[in-house]
Amino acid sequence: MLQIKNLHVSVGDKPILKGINLEIKPGEIHAIMGPNGSGKSTLSHVLSGKGGYTVTGGSATYQGKDLLDMAPEIRAREGVFLAFQYPVEISGVSNIYLLKAALNSIRKHQGEPEVDAMDFLTLVKDKVRLLEMDEKFLYRAVNEGFSGGEKKRNEILQMAILEPKLCIMDETDSGLDIDALKIVSEGVNSLRSPERSFVMVTHYQRLLDYIKPDKVHVLAHGQIVKSGGAELALELEEKGYSWVEEAVA
Amino acid sequence: MSVSTQEINKLINQDYKPGFVTELETDTFPPGLDEAVIHRLSKVKNEPEFMLEYRLKAFRHWQTLKSPDWAFVNFEPIDYQAISYYSAPKRKEDGPQSLDEIDPQILEAYKKLGIPLDEQERLAGVAVDAVFDSVSVATTFKGKLHDAGVIFCPISEALREHPELIKQYLGSVVPHTDNYFAALNAAVFTDGSFVYIPKGVRCPMELSTYFRINAANTGQFERTLIIADEGSHVSYLEGCTAPMRDENQLHAAVVELVAMKDAVIKYSTVQNWYPGDKNGLGGIYNFVTKRADCRGENSKVSWTQVETGSAITWKYPSCILTGDNSTGEFYSVALTNNYQQADTGTKMIHIGKNTSSTIISKGISAGKAQNTYRGLVKVLKSAANARNYTQCDSLLIGDKCGAHTFPYVEVKQPSAQVEHEATTSKISEDQLFFCQQRGLSAEDAVSMIVNGFCKEVFRELPMEFAVEAQALLGLSLEGSVG
């Protein structure tokens, strides 16, 4: 699904990622953990194509293609989805309008016809029910006046409708209370499949209580300093990041 | 990888599609303006004597005035002696012709603009008056409108055929003494549309005028007069385009609306005059006075404008709410890009009791453009229980443009309620990246965000125009994302 080899990324003159190596197979869930400033968000931004970053070395191959060479919208249409840490508000544009425009641009790219209005409505309403959202959300402006939890649920709704192959979740658990965390996690779990992979960037272990990862990686000073199974997250929770950071230092 | 401000600018810039020139033989006055020119103009148009007198009176008054300088726009002084005040495609005789007699090149020009003048080809339910430079070249569906009692004709024809109505109403809303450009227009106006809806008649179709400037070095001085008699109802649309030229051209129009008791007038504009090139060279100076008088009780006038063109726009479609319980509305989208400048807004003058007005203004600025909302809400002592609601939103695209708001409020009646809300926002790179990450191109994302921003205004437009306006906004913004 995704192979990252010796990836180096700078912002301006400042190197942020200093040689990341990562391989994600179809169906796997990888958690990327690490302290503040370790480069977690940079990694999710670079993979999804946000501007402002310079790749100074290495490669990222997605389904056999050079991911870093694609425009952000092409990555999206090829099935890369970023669940934002801070989803933006767009006034005057209804949620359902954005969803339909997004779905159709992806379908068009994949050579499928535009979705029929009735089929689309049925699909959307199904997913809304799954995420225990109010249908009214569909007709409100994108994220406008949404609470933190509603915004994150809205991200998962988009994920559920666009059916990406690689889901990158940037600190999805931040700003969620325990009930919202549960609903979001259930949503993610329901989307797990042997063909779909997840990269979960998170600061805390608690999200991993609900979504069990196959692999856990610890990012520090722009490098993956330790990798392991789900038990690594528990160890980190107990000992703190300084434990692994010291190990490399 | 994602869009930077530079790319935003690329997205906004794109070709001006209506920028072609039609090669025609024309009757054009040499440049220059004096009383002899006005005599000649009035003669060419076969006008009654009272019109010549009116024009001369206006011209003499204009000479005492100075070009206004209070608007937030910059331009070199206009040399009024360098402009030609009349240009018309050559034809055998004056007066409107049947379609077969119109120069096929003109028909072709309108067709290219998406305005076929052949009634069979028209969107059902819209009658068109086509004004080409200084003259009206065709008016469609006249017969059907005549059966309903509606008069819809070029104003030059109305001067001859309906002098009583002209005498009674022309200049009654915008007098020739009103302002510099209104005085100039009264002196030299050439053509425009005239509409009279008789008592109790609901106009059976949308009326529209399509203004086209074609000739070089000419000014277009359009004059439109719409009278809705008691209990009548009319929806009128206006569209404007011009070829691309390096010189600035002046368009100084006057539009007067009169709504009698219980009458409703809906006036919609999609203005797409040539805005100049991306370096600010050329473009139309659009200096327009538009005003409605809600003369009768319970009358209502609604202005909706989508302004994407012109190098400079100076325009304040206004309502004088004279009749008790009358209503004025102003819905505006003004988009400026590159070096365009717009100073636009409205005036709502509350005179009658229980009068109400609504102002929704959406300004969008991209490139190095300056976009100004200027509005006056005036409640006179007589206007007990007057109400106004104003909402004024600005959207910035990129970091070199400006948005400005000058709201003036004068209230002399303690029972009045006046509300004003204003916001300024920016299309952020985060919004664009978010949309791209969901699979939309940067162009589609900007267009979606802008259309969302303008939604409250677009829903006021008649269906045929709403689609055109949305497409136009998309086009005018193409190249604005980078």
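Residues numbered from 1 in each chain as written. Chains lettered and ligands numbered in written order. Predicted model: local features only at pLDDT ≥ 70, side-chain atom pairs only at ≥ 80, totals over all residues. Heavy atoms only, no water.

A. Fine view of helix α9 (residues 429-437) of chain B. Residues and elements named next belong to chain B. Burial runs high along α9: seven of the nine residues are buried. By the burial criterion, the buried members of α9 are Q431, L432, F433, F434, C435, Q436 and Q437. Within two residues after α9, G439 carries a phi angle of roughly 110°, on the positive side. (Buried < 20%, exposed > 50% of the residue type's maximum accessible area, 1.4 Å probe, protein only. Helix = DSSP H or I, 4+ residues; strand = E, 2+ residues; numbered from the N terminus.)

B. Molecular detail of the sheet that holds strand β9 (residues 166-170) of chain A. All names here are of chain A. Strand order in the open sheet formed by six strands is β6-β9-β10-β3-β11-β12, with mixed pairing between adjacent strands. Only two strands of the sheet have a single neighbouring strand rather than two, namely β6 (80-83) and β12 (223-228). The mean inter-strand angle of the sheet, taken between neighbouring strand axes irrespective of direction, is 20°. Both strand β3 (residues 29-33) and strand β10 (residues 197-202) contribute to a ladder of five bridges, which runs parallel. Looking across to β10, one finds that A31 is bridged to M200. The sheet strands contacting helix α1 (residues 40-48) are β3, β6, β9, β10 and β11 (215-220), and the helix crosses β9 at an angle near 145°. (Pairing = 2+ DSSP bridges. Axes fitted to C-alpha atoms, helices over the stretch in contact; angles between N-to-C directions. Contact = heavy atoms within 4.5 Å.)

C. Quick peek at the packing of aromatic side chains. Residues and elements named next belong to chain B. Tallied over the entire structure, the rule returns 22 aromatic pairs over all chains. On the basis of an interplanar angle of 80° and a centroid distance of 5.2 Å, the ring pair of W62 and Y80 is categorised as edge-to-face. With W62 in helix α3 (residues 49-63) and Y80 in the loop between α3 and β2 (87-89), this pair connects stretches of sequence that are 18 residues apart. The residues W62 and Y80 share a single accessibility class, namely buried. Where W62 meets Y180, the ring centres are 5.5 Å apart and the plane angle is 45°; that geometry is what we call tilted. With W62 in helix α3 and Y180 in helix α8 (residues 180-188), the pair connects residues that are 118 residues apart, well separated along the chain. A single burial state applies to W62 and to Y180, both of which are buried. The ring of F189 carries R55 above its face, with NZ or CZ at 4.3 Å from the centroid. (Phe/Tyr/Trp six-rings, centres within 6.5 Å; stacked < 30°, edge-to-face > 60°. Lys NZ or Arg CZ within 6 Å of the ring centre and 35° of its normal.)

D. Seen up close, the sheet that holds strand β2 (residues 14-24) of chain A. Residue and element names in this part refer to chain A. The antiparallel open sheet is built from four strands, whose spatial order is β2-β1-β4-β5. The sheet is open, and its two borders are formed by β2 and β5 (65-66), each paired with just one other strand. Strand direction decides the pairing type here: strand β1 (residues 2-11) and strand β4 (residues 54-62), joined by seven bridges, are antiparallel. When the bridges of β4 are listed, H8 appears paired with G57.

E. Focus on the interface of chain A and chain B. Counting residues at the interface gives 34 residues for chain A and 19 residues for chain B. Taking both sides of the interface into account, the surface hidden between chain A and chain B amounts to around 2100 Å²; carbon and sulfur atoms contribute 64%. Broken down residue by residue, the surface that chain A buries against chain B is led by A:F84, A:V88 and A:I90, which jointly contribute 22%. There are two salt bridges connecting chain A and chain B. Ionic pairing is found between A:E155 and B:R438, a salt bridge with its closest N-O pair at 2.7 Å. Taken together, the elements giving at least two residues each to the side of chain A that touches chain B come down to α2 (72-77), β6, β7 (90-94), α3 (95-109) and α6 (148-162) of chain A. Sorting elements by how many residues they give to the side of chain A that touches chain B places α3(A) first, with six residues. Tallied by class, residues from the side of chain A that touches chain B come to 19 nonpolar, eight polar and seven charged. (Buried area = accessible area lost by both parts, 1.4 Å probe. Salt bridge = Lys/Arg side-chain N within 4 Å of Asp/Glu carboxyl O. Nonpolar A, V, L, I, M, F, W, Y, C, P; charged D, E, K, R; others polar.)

F. Structural context of the packing of α3(A) against helix α4 (residues 117-130) of chain A. Residues and elements named next belong to chain A. Contact geometry of α3 with α4 gives a least axis separation of 12 Å together with a crossing angle of 115°. Taken together, the axes of α3 and α4 lie roughly perpendicular to each other. At the point where α3 passes α4, the crossing takes the right-handed sense. Counting all contacts with α3, which are made through I96, L99, K100 and L103, the residues of α4 involved are A117, F120, L121 and L123. Residues that form the contact of α3 with α4 fall into these classes: seven nonpolar, no polar and one charged. (Parallel < 35°, antiparallel > 145°, perpendicular 65-115°, else oblique. Left-handed = near helix turned anticlockwise from the far one by under 90°.)

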